[in-house]
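Commentary on secondary and tertiary structure
As a plain string of letters, each chain reads:
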Amino acid sequence: MSAFQQTPTPANNSKTDISQKFLLFGYFSEAMKSQPKLPLLDCLLGYYASVTLIVVGILLVTSSFIALGFIGTFLGDYFGILMERKVTSFPFNVIENPMYWGSTSIYFGWSLMNASPVGLVLTVVVALCYTVALLYEGPFTEEIYRKAPKCE
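Bear in mind the structure is a predicted one, so any value in this text is a computation, not a measurement.

Side note on the UniProt feature "binding site: S-adenosyl-L-methionine" (unreviewed entry) in the protein chain
- In this structure's numbering, the residues bearing the UniProt feature "binding site: S-adenosyl-L-methionine" (unreviewed entry) are Val55, Val56, Gly57, Glu137 and Gly138.
- Inspection of the secondary structure assignment puts Val55 in helix α2 (residues 44-74).
- Assessed through its relative accessible area of 23%, Glu137 is described here as partly exposed.
- Reaching out from Glu137, the side chain makes a polar contact with the side chain of Tyr100 at a distance of 2.6 Å.

Overview of the UniProt feature "transmembrane region" (unreviewed entry) in the protein chain
- The UniProt record annotates "transmembrane region" (unreviewed entry) at residues 47-76 and 118-136.
- Summarising residues 118-136: 100% helix, 0% strand, and an end-to-end C-alpha distance of 28 Å.

Remarks on the packing of α2 against helix α4 (residues 98-113)
- For the pair α2 and α4, the least separation of the axes is 7 Å and the interaxial angle reads 150°. What the angle tells us is that α2 and α4 run roughly antiparallel. Where α2 crosses over α4, the two elements pack in a sense that is left-handed.
- For the contact of α2 with α4, the class distribution of residues is 17 nonpolar, nine polar and no charged.

A short note on the side chain of Ser63
- Inspection of the secondary structure puts Ser63 in helix α2.
- Classification of Ser63 as buried rests on a relative accessible area of 12%.
- Among the polar contacts listed, one links the side chain of Ser63 to the backbone oxygen of Leu59, at a separation of 2.6 Å.
- Discounting residues that sit within four places of it in the chain, Ser63 has contacts with Phe90 and Pro91.

With respect to the packing of α4 against helix α5 (residues 117-147)
- With their axes 9 Å apart at the nearest point, α4 and α5 run at an angle of 175° to one another. Classified by the interaxial angle, the pair formed by α4 and α5 is roughly antiparallel. Residues Tyr100, Trp101, Ser103, Thr104, Tyr107, Phe108, Ser111 and Leu112 of α4 lie in contact with α5, whose contacting residues are Gly119, Leu120, Thr123, Val126, Ala127, Tyr130, Thr131, Ala133, Leu134 and Glu137.
- Split into classes, the residues belonging to the contact of α4 with α5 amount to 11 nonpolar, six polar and one charged.

How each quantity is defined
Residues numbered from 1 in each chain as written. Predicted model: local features only at pLDDT ≥ 70, side-chain atom pairs only at ≥ 80, totals over all residues. Heavy atoms only, no water. UniProt positions renumbered as here; feature names shortened; annotations may be inferred. Helix = DSSP H or I, 4+ residues; strand = E, 2+ residues; numbered from the N terminus. Buried < 20%, exposed > 50% of the residue type's maximum accessible area, 1.4 Å probe, protein only. Polar contact = N/O pair within 3.5 Å; in protein donor to acceptor, adjacent residues only side chain to side chain. Axes fitted to C-alpha atoms, helices over the stretch in contact; angles between N-to-C directions. Parallel < 35°, antiparallel > 145°, perpendicular 65-115°, else oblique. Left-handed = near helix turned anticlockwise from the far one by under 90°. Nonpolar A, V, L, I, M, F, W, Y, C, P; charged D, E, K, R; others polar. Contact = heavy atoms within 4.5 Å.

Okay, structure coming up:
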């Protein structure tokens, strides 16, 4: 039996998702470089906190990708390709939406590492965007898995 099943849902054209993430991170970094640093954050404690946040973020994003695979990560719900059941292993058993919050943790850590007040503001904007997206995506995901045929 296949790990994925096809369900009839409208396709969303998000083929450029990976490149958009790299582009966003590039713009984020460029915005921080062109702005003044906050001396309060430019210290050893800020550096250690930033490294910790980045490592935790990378762990969440990478382990999510491993649990979902490429198709589950980038194509899944949008193209109606579902896993046999909703993933509940690590990191999904520790935090809901680990890719979003792992990514936010990376942005937050990168902002601290660069002692950037602009980076911190942009991190809040990213977190708010993810929060709004989850208001729609969360119920959508729950509904498609509730309606999906059960595999025995």
